[in-house]
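Here is what each chain is made of, one letter per residue.
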Amino acid sequence: MVRGRLRIYLGAAPGVGKTYAMLEEGQRLAAAGADVAVGFVEPHGRRPTAALAEGLEIIPRSTLEYRGATFTEMDLDAVLARRPQVALVDELAHTNVPGSRRTKRWQDVEELLDAGIDVVTTLNVQHLESLGDVVRQITGVPQRETLPDEVARRADQIELVDLPPELLRRRMLHGEIYPSERIEAALTHYFRVGNLTALRELALLWLADRVEEGLQRYRAEHGITTPWETRERIMVALTGGPEGGTLIRRAARITARVPGSELLALHVVPSDGLTHGDQASLAAQRELVESLGGSYHQTTGEDIPEALLQFAEAEGVTQIVVGASRRGRLSTFLRGGVGHRTIQRSGPIDVLVVTHEHAAGSSAALRLPHPSRATGPRRFWTAIVLAAIALPALTFLLVLLGEHVDLSLALVLYLLAVVVIALVGGLAPALLAALAAGLLADYYFTPPPHSLRVDHLADVLALVVYVVTAVVVGTAAGTAAQRTYRAVRASSEARALSRLATAMMHGQDLPALLEQVREDFGLDAVSLLERDTGHAAEPRWYVVASTGADPPERPYDADVESPVGDDISLAARGRPLSSDDQRVLAACAAQLGMAYSHGRLAAHDAETDLRATAEHTRASLLLIASRDLRGPLHTAEDALSSLRDLVDPAEARLLDTARGALRRADRLVSDLDDLSRLHAGALDLYLRPVDLEELLTAVMDDLGPGHTLRCVLPERLPDVIADAAVLTRVLTTLAAEAQRHSPPDRRAQLTAETRPGLVEIHITDGSREGAEGTASRAHSSGTVDGLALRMSRDLTESMGGTLEPATEAPGFAVMLTLPAAAARKQDH
């Protein structure tokens, strides 16, 4: 069966006209000959919307009873039996009344779609699950009815129904959205201009992302690789060099000038697996990109321009920002810079080459070659010393041989020395050695001897060919040495990290892991330290685990420290470590910190499971005990009732007292049962606006004859958000306790007062009659004693309210606070 199509009218707030647009579409489809039926529509008392539904077939709703109230919902079975071509279903995120076949309306809609019925529906952006936290920050109102984003993403068509905030507020003032009694509260809270503007932007951005996803799918399905400049995406190419910050800031300025544009940063790692670029600089540049609202990416490729362009095509990049080459003119001439080669292949993608202070030729100062980062300063200076010793020694030996040595033999031997020096120290020492050997060969072995002048053209050519050959061979040998060193270094680092990860997977304890780290780095002692955050004035550290002799107990006692967050640090004593070793040690420290954190979480989970098991056992025992006690209590009460008719009045009064005690015991057992269910989350609550005046009538009935309650209520008392049955029970319990503490000639008192968004209910004993409950406002943070009062407090808190005692004066006094309905109805 072909699945039906889903069309959603999306709005930023109530009242923008989503239901009206849905009904207009239904009328249009019906006029075109389609079979259209209304599964569910909620006009909210708006006459134009209700009038638009006339002429369309409306499928009768189903009626459900829940907690003594009657509700109507969409009759899913009736819609499936009617099987129209198009069903109009309002409020996609709506939660169905308990007892319905499905919990959510969107689940009903999914069943209609699976049956091949097209559905047209409505949705407010604040009901999307991913935006719940953002909407609560904007409006201050949590969204209880949410819809998984994936349901909306699967829609075949989403149409935005939009109104400017000012026009929406005018509609509110004219009574076209809410009834008159709710207009003022709505305008001053949810329907403020700032709130509506922010919600409108959320709707536009969310819908724009869905449009972008559809565009990308279309391009992928049709094999379109050239970028479409529907949105500017600026990508900055990072090498890890010092110019990265300049490039990022320049790209960010371009992005800021183009609304809706996006900033990306890309670093290309060579495919040989060797890390190029300064990792510390790359980390800082990544942090800078993310702080500017961009995203950092990394890819692998041998040809850097090709890797840049492949990524740019995949991400729809419209501009690439690259830095001017840091190479010299000769290197750039022999092999063009990354920017030049990227421009040659970029096609429709714009490439911006940004100059910077580190570009070649930007500084006039002469810079001497520095020790290679790949081979290290020790090998560099070793090669320099080797050249200073080997070249004079070789020259002295060749001079001693005299006439047996000609220029060609000398040049070959000098070339061998240059290769050896390149293998030891890399490129820079090899170049210096090649030039020095060329001068020595010219001075000692080229006629005229002991002079730098060359008489024969063949000798000039031989020296030139030698220097060029020495440079090429030295460069190749130096590069090979550097790559070999890097490969060995990378292999060692990977092996150390792999060993540590394997040990962690096998469940080795922290001391064993620390011992492995100590051996890998040749350290004397290693400690994992954690700071005691309870001593903020003077941080105290304690040793989580350690290995070796005399391990450090504080970070500042260590020779090497690698922090893991703010409160955990890896401290070591021993030899000083190079920057590369410290970087690997930091990675090991991060793994150890993760192992320690996982161990603590596992211990905490085990403890939590143990407590949960104990709590479950306790609740089960309470439930069993309460059920077992109810039978004997009822039997005893029935027996006392039967016995009462057989005794004289004096004994009957005693029996009535005993029966009252049994009834209280039965209520206590019921309270224990309900308390266990409440804490287990098995007590169902239906929160809705409740009229307090009507509720007090039920409270008086539950109190029974012989109990009186003096009620003092304001003239305009708003409804409270509560479960009517639960609130009746709470007020009955509190009123009974207040009456029990009252003097014989006084009545318990209930006083209600309003606060912004709240209703306060004060219940006091008869000793305060006539005080209008004012004494109860001066309450302290005491506790509510007794099982019945504990039950009342927990039930009140489950409804979003509070129950607090007043302890400044003797007697019984509590204050119950509940949300006012006006503050909560703004969700709808």
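Each remark here, short or long, concerns the structure printed above.
No experiment lies behind these values; they were computed from the predicted model shown.

## Notes on the packing of aromatic side chains
Part 1: Taken as a whole, this structure holds one aromatic pair when the rule is applied.
Part 2: Pairing Tyr443 with Tyr444 gives two aromatic rings, centres 5.0 Å apart and planes at 80°, and the pair type is edge-to-face.
Part 3: The class of Tyr444 is partly exposed, set by a relative accessible area of 32%.

## Thoughts on the packing of helix H12 (residues 304–315) against helix H14 (residues 338–345)
Part 1: One way to put it is that H12 packs onto H14 with a least axis distance of 9 Å and a crossing angle of 50°. As summarised for this structure, H12 and H14 are arranged oblique, according to the angle between their axes. Pair H12 / H14 crosses with right-handed handedness. Facing H12, whose interface residues are Ile304, Pro305, Glu306, Leu308 and Leu309, H14 presents Val338, Arg341, Thr342 and Arg345.

## Notes on the sheet that holds strand E23 (residues 802–805)
Part 1: Strand order across the open sheet formed by five strands is E19-E21-E22-E24-E23, with mixed pairing between neighbours. The sheet is open, and its two borders are formed by strand E19 (709–712) and E23, each paired with just one other strand. Looking at each pair of strands side by side, their axes are set apart by 20° on average, direction ignored.
Part 2: Across four bridges, E19 lies against strand E21 (residues 748–755) in parallel orientation. Counted as the bridge partner of Cys711 is Leu750 from E21.

## A look at the nonpolar core
Part 1: Residues Leu88, Leu112, Leu147 and Phe191 are the most contacted members of the largest nonpolar core, which totals 61 residues.
Part 2: Counting residues per element, this core draws most heavily on helix H9 (residues 193–221), which supplies five residues.
Part 3: For Leu147, the contacting residues outside a window of four places in its chain are Leu92, Ala93, Trp106, Leu123, His127, Leu128, Glu129 and Ala152.
Part 4: Leu692, Val699, Ala748 and Val814 belong to the second-largest nonpolar core, a separate cluster that totals 33 residues.

## Topic: the pattern of salt bridges
Part 1: For the coordinates displayed, the defined rule picks out 22 salt bridges.
Part 2: Among the salt bridges present, the one from Arg82 reaches Glu57, with a minimum N-O distance of 2.8 Å. With a gap of 25 residues between them, Arg82 in helix H3 (residues 76–82) and Glu57 in strand E3 (residues 57–58) connect regions that are remote in the sequence.
Part 3: Looking at Arg82, the relative accessible area reads 27%, which means it is partly exposed.
Part 4: Between Glu753 and Arg755 there is a salt bridge, and its shortest N-O distance comes to 3.1 Å.
Part 5: Salt bridges sharing common partners tie together Arg3, Glu110, Asp114 and Arg154.

## Side note on the sheet that holds strand E13 (residues 350–354)
Part 1: In space, the five strands of this open sheet follow the order E11-E10-E9-E12-E13, with parallel pairing throughout. Single-partner strands in this sheet number two, and they are strand E11 (295–300) and E13. Strand after strand, the sheet turns through a mean of 25° between neighbouring axes, direction not considered.
Part 2: Bridge analysis of strand E9 (residues 233–238) against strand E12 (residues 319–323) gives three bridges, and the strand direction is parallel. Bridging from a neighbouring strand, Ile234 pairs with Gln319 of E12.
Part 3: On top of the sheet, helix H10 (residues 244–257) reaches E9, strand E10 (262–269), E12 and E13; it is set at about 175° to E9, its chief contact.

## A word on helix H1 (residues 18–31)
Part 1: The first and last C-alpha atoms of H1 sit 20 Å apart over 14 residues, in line with the 20 Å expected at 1.5 Å per residue.
Part 2: Among all positions of H1, only Lys18, Thr19, Ala21, Met22, Leu23, Glu25, Gly26 and Leu29 are buried.
Part 3: Tucked into the core, H1 has its buried residues touching strand E1 (6–11), strand E2 (36–40), helix H2 (47–52), strand E6 (86–89), strand E7 (118–124) and strand E8 (157–161).
Part 4: Following H1 by one or two positions, Gly33 has its phi on the positive side, about 105°.

## As for unusual backbone geometry
Part 1: Residues other than glycine seldom take positive phi values, yet Arg83 does so here, at roughly 50°.
Part 2: Positive phi, normally seen in glycine, also occurs at Glu91, with a value near 55°.
Part 3: Relative to the helices and strands, Glu91 is located in the loop between E6 and helix H4 (105–114).
Part 4: For Glu91, a relative accessible area of 26% gives the class partly exposed.

Definitions and limits used
Position numbers for residues count from 1 along each chain, tracking the sequence in the order it is written. With pLDDT at 70 or above as the cut-off, local features in this predicted model cover only qualifying residues; side-chain atom pairs require 80 or more to be listed or tallied, and sums for whole chains, interfaces and linings still use all residues. Side-chain numbers here rest on the full set of heavy atoms in the structure, without hydrogens or water. For Phe, Tyr and Trp, rings pair up if their centres lie within 6.5 Å, where Trp contributes its six-membered ring, and each pair is then called stacked (planes under 30 degrees apart), edge-to-face (over 60) or tilted (otherwise). For each residue, the accessible area found with a 1.4 Å probe, counting protein chains only, is set against the maximum for its type, and the residue is called buried under 20%, exposed over 50%, and partly exposed in between. Axes, fitted as lines to C-alpha atoms, cover a helix only where it is in contact. Angles between the N-to-C directions of the axes lie from 0 to 180 degrees. Put simply, DSSP marks the helices as runs of H or I at least four residues long and the strands as runs of E at least two long, and each gets a number from the N terminus on. Oblique is the label for any angle not covered by the other classes, which are roughly parallel (under 35 degrees), roughly antiparallel (over 145) and roughly perpendicular (65 to 115). Note: crossing handedness is left-handed where the near helix turns anticlockwise from the far helix by less than a right angle, and right-handed where it turns clockwise. We call two residues in contact when some of their heavy atoms are within 4.5 Å. Pairing between two strands is assigned when DSSP locates at least 2 bridges connecting them. For the purposes of this section, nonpolar cores are sets of buried Ala, Val, Leu, Ile, Met, Phe, Trp, Tyr and Cys residues that join through side-chain atoms within 4.5 Å. Salt bridges, as used here, are contacts in which a Lys or Arg side-chain nitrogen is within 4 Å of a carboxyl oxygen on Asp or Glu. One fewer than the residue count of a helix, multiplied by 1.5 Å, yields its expected span.

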